[in-house]
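Single-letter residue listing:
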Amino acid sequence: MEAKKRLTLALGGAAVLAAEWALVRFPLFGLHGMKEWPTDLLLFGLIAAVAAGALGAKWAVFGTLAGYLAGFFCGVMFNYPGKTPGTRMGWWVWTCVFLAGIALGIAASIIFAIRKKKTA
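Bear in mind that the values here come from a model prediction, so they are computed numbers and not experimental data.

Draft legend 1. Structural context of the overall build of the protein chain. The number of helices and strands found in the protein chain is 5 helices and 0 strands. Along the longest, intermediate and shortest principal axes, the C-alpha atoms of the protein chain span 55 × 25 × 15 Å. Look at the contacts in the protein chain between residues 6 or more apart in sequence, and 67% of them connect residues 24 or more apart. Total accessible area on the protein chain is roughly 7500 Å²; 74% of this is exposed by carbon and sulfur atoms.

Draft legend 2. Highlighting the nonpolar core. Membership of the largest hydrophobic core comes to 19 residues, with the highest contact counts inside it found for Tyr68 and Trp94. Counting only elements with at least two residues in this core, the list comes to helix 1 (3-25), helix 3 (37-55), helix 4 (58-77) and helix 5 (90-119). Top element by residues in this core is helix 4. It accounts for 5 residues. Sequence-distant contacts of Tyr68, defined by excluding residues within four places in its chain, comprise Leu17, Glu20, Trp21, Val24, Pro38, Leu41, Leu42, Trp94 and Phe98.

Draft legend 3. Summary view of the state of the cysteines. The full count for this structure, using the stated rule, is 0 disulfides. Cysteine Cys74 remains unbridged, with the sulfur of Cys96 as its closest cysteine sulfur at 11 Å. We classify Cys74 as partly exposed; its relative accessible area is 22%. Cys96 gets classed as partly exposed once you look at its relative accessible area, which sits at 36%.

Draft legend 4. Layout of helix 3. In a regular helix each residue adds 1.5 Å, so 19 residues correspond to 27 Å; helix 3 covers 27 Å between its end C-alpha atoms and thus fits that length. Residues of helix 3 that are buried include every one of Pro38, Leu41, Leu42, Gly45, Ala48, Ala49, Ala52 and Gly53, and no others. Mapping the buried residues of helix 3 onto a view down its axis gives an arc of 140°, with all of them on the same face. In this structure, helix 3 carries Ile47 and Leu55 as exposed residues pointing more than 90 degrees from its buried face. Buried residues in helix 3 make contact with helix 1, helix 2 (29-32), helix 4 and helix 5. Count one or two residues on from helix 3 and you reach Gly56, which has phi positive near 80°.

Draft legend 5. Quick look at the packing of helix 3 against helix 5. Contact pair helix 3 / helix 5: the axes reach a minimum separation of 11 Å and the direction vectors enclose 10°. Taken together, helix 3 and helix 5 sit at an angle that is classed as roughly parallel. Listed contacts from helix 5 to Trp37, Pro38, Leu41, Phe44, Gly45 and Ala48 of helix 3 are Trp91, Trp94, Thr95, Phe98, Leu99 and Ile102. Its residues assigned to classes, the contact of helix 3 with helix 5 shows 10 nonpolar, 2 polar and no charged.

Draft legend 6. Up close: the environment of Leu11. Following the sequence through the fold, Leu11 ends up in helix 1. What makes Leu11 exposed here is its relative accessible area of 53%. As for Leu11 and Cys96, which are separated by 85 residues in sequence, their C-alpha atoms are 25 Å apart.

Thresholds, definitions, all that
Residues numbered from 1 in each chain as written. Predicted model: local features only at pLDDT ≥ 70, side-chain atom pairs only at ≥ 80, totals over all residues. Heavy atoms only, no water. Helix = DSSP H or I, 4+ residues; strand = E, 2+ residues; numbered from the N terminus. Contact = heavy atoms within 4.5 Å. Areas by Shrake-Rupley, 256 points an atom, 1.4 Å probe, with all protein chains shown as cover. Core = buried A, V, L, I, M, F, W, Y, C linked by side-chain atoms within 4.5 Å. Buried < 20%, exposed > 50% of the residue type's maximum accessible area, 1.4 Å probe, protein only. Disulfide = S-S within 2.5 Å. Expected span 1.5 Å × (residues − 1). Arc of directions from axis to C-beta. Axes fitted to C-alpha atoms, helices over the stretch in contact; angles between N-to-C directions. Parallel < 35°, antiparallel > 145°, perpendicular 65-115°, else oblique. Nonpolar A, V, L, I, M, F, W, Y, C, P; charged D, E, K, R; others polar.

Now the structure itself:
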């Protein structure tokens, strides 16, 4: 993949992730009530998306983007009370689904790269 496409992939992924964060952080705040955690996940996701985009791993970028939103909605659905009084488990579910999305994206990028080399 040429450098211009990699740059577009990295910056486009970062822009879409920032838009997802803005959607989750402000209009959907009433669903989760977390002020700092969405931003922490955004920062981690930006590092993952930009690094994957710079390496040309488009499926890893897509996995990061999908994992952020899927993690949010799973976290809202499974926001059960934690073992400590006053805590909820939504942030934990959100993080696990988000990391799984990144891992699946990385795995897909590696698998497709290997398949592309075999057919070429």
